[in-house]
Structure formats: C-alpha cells, structure tokens
Amino acid sequence: MDSSSRIESHLSRRQILAGAAALTAGALWPGARPANAASLLLPDPSANGIARGQIFDNQIPDRSVYAGLVDFVWGASTPAQPAGAVPSGYLPAFRDFDRTHTLAWYQANHPDWVVYQADRVTPAWEFGNTLYVPIDVTNAAVRTYYFTTFVQPLIDRGYPIIGFDNVATPNVYNSAGHYDADGAWVQQYDGRDDRAWPAAVLGYLAGQLHARDVAMAANITWNASVVLSDIQQAVGLVDIYVDEQGFTVHRDSNYNDQAWRDKFDFARSVAPGKLYLAINQTTAADLADASQAQVDWAIANYLLYRERLSMMTLCGVGQYHVFVDRPELHTDIGTPSSAPVQDTTGGWKRGYTGGRVLVNPSSTQAVTMVLPAGTWTDLHGATHSGHITLPPNSGTVLSS
C-alpha cells in the first residue's frame, strides 16, 4: 500500500477515537483547545498488549523490521513508514535548528533575537549545547521565521505530526532576557520559577498547526521542578505527550515513594484522554543487557497506568535511532478488567482479562501480596500461586 493510501485508510479508522480523545482532553486539561480531530492523522494504539513508540529511525536500514510493532515514530527521518506507524517530524522547541546561524551570525544579523542568562553575556544554551542558538520565541518575527524556515518544510514533506523537543515549563535553561534593536537590555524572566516562563512556553506551543490539519507532539519534561498546573496546560495544548523520563529516569532506583506516587497520579490523569508515549531508558547501554528487574519495572508500571491511548518505549540509556526488541515487549495479558488500586500492603495491583500487574513503589519495604486462585506466570517463566513477594521498587506482570 502506498503512502497516500495508507494515510487515508488509517485516518478513517482514527476519526471516532480522535474525536473522543479531543473532547476528553478538553474536559481534563485547562488550556486545552479543540481541534478538528477528524482531519488529524494520529497513532491508533491497540487496546491490548504493549503499544510501542520508536525514537528516531535514521539508523534503521529497513524500517519494515518494526511493521506491526510500532504505532508512532518520534523524529522520523522520512514520512514513509510501515503500515500502522505514524511519523512525526522533529524540531527543537526554543533553538534555531540551522547550525550555520552561529552566535556570531546572530550578533551580526539579529542581535535582538538571542536569549541570554542573567549575566547578559551567556546565551541560555539548552543542556550547554552551543550548536543551536536559543532564540526569543515571544518575538513575533522569531515565530514567523521559525515556522516558515523549519515547520512549514516538514508539513510540505508530508509529516502529519510535528514534534517539539525539550519543552520545559520551569525556566531550566536560566533564560533572563534579550537586547532590543537599540542594544538596551530587556529583562523577561527572573529565575528558574518565574511565572512568565510557562506563559511563554504555552503561547509558543499553541502555534498554527491545527489550522493546517497537522498534529502537534511535544517532549515535555517531568521532574521535581514542575508546577503541576503548568505541565497540565502544556500537555493540554498538544495532541501527543512524549514523556522522556518514563518510570525509570535512567537510574537503578527508578521513581519510588512519593516521587513515584506523584508521577503515577499524573500519568493516570493523562492516560484516559491523551495520546501518551512514555520513554523508559534502562541503565544498561543496550536493552539486551538490561536487568530483568528494570524491564519488569518499566512494563509493569506501563500496564498499571495505561489506557487505550498509552504507548511506551523501552531501550538502553540513550539507545535511540535504532530498533530494539525484547520478548517481554510482546507481552499481551489482554485488556484492563479493573482500575489500578493500592493493596493493603502498600503495593499496587490491577487486573487484566488475561493476567494482572503488581507494583511496589517503596524504596525500603518489600510487600507480600495475595494472588487470586490459580497459577500465575511472570515475564521470565517463574510460576506463583497463593501469594507473591515484591522487593522494594519492583514490579511484575503475571499471566493466568
């Protein structure tokens, strides 16, 4: 099936679900705006099993390797994808993506577009990356330049979704202000928690994509610095929320205790009405070398919070651009038969039509949870009956 035929067939299957998702998002998320959802091409995750996302594809010679396995490709190098895999273009959210536009070029041509830190000398580099100059996205001329130079060409190439990377609602890059055309300093933000920063982020995200029947995805950072209402509004503005922190945060301890509960509550609030891709990077460089415990943890948490629109990626730390697989990612215990609930032991559980999911978020206490009658098999073939003990900060998926 060629690209245009695939889009038409996928779109017809997606209309009702997308419309329902837009209505739900509007009800749940302050600042959410209605979209002509029937005209947007969006991923269509399956109701059972593990719906998967692929993070970049530029090192995959034959993309058919993930045909039928991947629903969404973040940062696809080409709009041409296997059937069922919906691609997004890729852009950094607050940087000029043209490497030839160096800081010196900007200082000579558009000195009033550069955003600086409080010392008024150091640009507000993202993660210290000096290749892409941070630009003032509150400036109307900057927005026009950015859309015309970077966004519109991706739309013209046929991308149905544009993905924006590294959207942080706190002022984590220490942006302070810019110089105007006359060289006078213009103070815009005051510190990491300045309330003007989230407003600038949200205004920039609103964009013009829906007017062009193009959807928006964004990698919006979740961490201890976020103000809940800010990230809620940001997620409400996008069609696909990409959560690069997942439940592993790239460390052995994963999320735990109150931090886990905060993240879980947020994930559960997103999942019913928003396409949601959580990226879980293990501490191993290669997913093949990841510990069984961390694989179990990532999949169990996904199945604990997931709803119809939820997707996940599981990979080694920084193992983007290539397709990776493990047998556990083919787990299918049916569809949820109950909501997740906390057990009297402090552990969490959720029933599925073909199994159940258990998670112990405590960093210090093991929990022993009672199992329904019968024999239950976990992801690595061990059987359990009567009860099961979960070590601290662990999860398991059991099939019946």
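Attention in this report is confined to the structure presented alongside it. (Residues numbered from 1 in each chain as written. Predicted model: local features only at pLDDT ≥ 70, side-chain atom pairs only at ≥ 80, totals over all residues. Heavy atoms only, no water.)

### A few points about the overall build of the protein
Here is step 1: Each helix and strand in the protein was counted, giving 7 helices and 18 strands.
Here is step 2: A total of 400 residues make up the protein; the buried ones form 54% of that total.
Here is step 3: Excluding contacts between residues fewer than 6 apart, the proportion of contacts in the protein whose partners are at least 24 apart in sequence is 67%.
Here is step 4: Of the roughly 15700 Å² that the protein leaves accessible, carbon and sulfur atoms contribute 53%. (Helix = DSSP H or I, 4+ residues; strand = E, 2+ residues; numbered from the N terminus. Buried < 20%, exposed > 50% of the residue type's maximum accessible area, 1.4 Å probe, protein only. Contact = heavy atoms within 4.5 Å. Areas by Shrake-Rupley, 256 points an atom, 1.4 Å probe, with all protein chains shown as cover.)

### Considerations on the packing of aromatic side chains
Here is step 1: In the structure shown here, the tally under the stated rule is 27 aromatic pairs.
Here is step 2: Centre to centre, the rings of Trp-113 and Tyr-145 are 5.5 Å apart; their planes meet at 45 degrees, and the pair counts as tilted. Taken as a pair, Trp-113 in the loop between α2 (103–109) and α3 (140–157) and Tyr-145 in helix α3 lie far apart in primary sequence, 32 residues in all. Just as Trp-113 is buried, Tyr-145 falls in that class too.
Here is step 3: An aromatic cluster is defined as three or more aromatic residues linked by ring pairs; in this entry it consists of Phe-56, Trp-74, Tyr-90, Phe-97, Trp-105, Tyr-106, Trp-113, Tyr-132, Tyr-145, Tyr-146, Phe-150 and Tyr-320.
Here is step 4: Cation over ring: Lys-263 sits above Phe-247, and NZ or CZ is 5.3 Å from the ring centre.
Here is step 5: The positively charged end of Arg-356 is found above the aromatic ring belonging to Trp-376, 5.9 Å away from the centroid. (Phe/Tyr/Trp six-rings, centres within 6.5 Å; stacked < 30°, edge-to-face > 60°. Lys NZ or Arg CZ within 6 Å of the ring centre and 35° of its normal.)

### Examining the side chain of Asn-254
Here is step 1: Along the chain, Asn-254 turns up in the loop between β8 (240–243) and α6 (257–270).
Here is step 2: A relative accessible area of 3% means that Asn-254 is categorised as buried.
Here is step 3: Here Gln-294 takes part through its side chain, which lies 2.8 Å from a polar atom of the side chain of Asn-254. (Polar contact = N/O pair within 3.5 Å; in protein donor to acceptor, adjacent residues only side chain to side chain.)

### Digging into the environment of Asp-44
Here is step 1: Within the secondary structure, Asp-44 is located in the loop between α1 (3–28) and β1 (52–55).
Here is step 2: For the pair Asp-44 and Gly-84, spaced 40 residues apart in the sequence, the C-alpha separation amounts to 7.7 Å.
Here is step 3: One polar contact links Asp-44 to Arg-308, side chain to side chain, over a distance of 3.1 Å.

### Some points on empty space enclosed by the protein
Here is step 1: Summed over all chains, the structure comprises 3 cavities of 30 Å³ or more.
Here is step 2: If you go around the largest cavity, you meet 16 residues; those closest to its centre are Gly-53, Gln-54, Thr-313, Leu-314 and Val-324.
Here is step 3: Breaking the lining of the largest cavity down by element, the ones donating at least two residues are β1 and β10 (310–315).
Here is step 4: Of the residues belonging to the lining of the largest cavity, the class tally is 10 nonpolar, 5 polar and 1 charged. (1 Å grid on protein atoms, 1.4 Å probe; cavity = no way out; pocket = protein on both sides within 12 Å on 5 of 7 lines; lining within 4 Å. Points joined across faces, edges and corners; volume = space filled by probe spheres on them. Nonpolar A, V, L, I, M, F, W, Y, C, P; charged D, E, K, R; others polar.)

### Comments concerning the packing of helix α4 (residues 196–206) against helix α5 (residues 228–237)
Here is step 1: The contact between α4 and α5 brings their axes to 9 Å, and the two run at 5 degrees. What the angle tells us is that α4 and α5 run roughly parallel. Contacts from Pro-198, Leu-202 and Leu-205 in α4 reach Asp-230, Gln-233, Ala-234 and Leu-237 in α5.
Here is step 2: Residue classes in the contact of α4 with α5 are distributed as 5 nonpolar, 1 polar and 1 charged. (Axes fitted to C-alpha atoms, helices over the stretch in contact; angles between N-to-C directions. Parallel < 35°, antiparallel > 145°, perpendicular 65-115°, else oblique.)

Any link to function would need more than the numbers given here.
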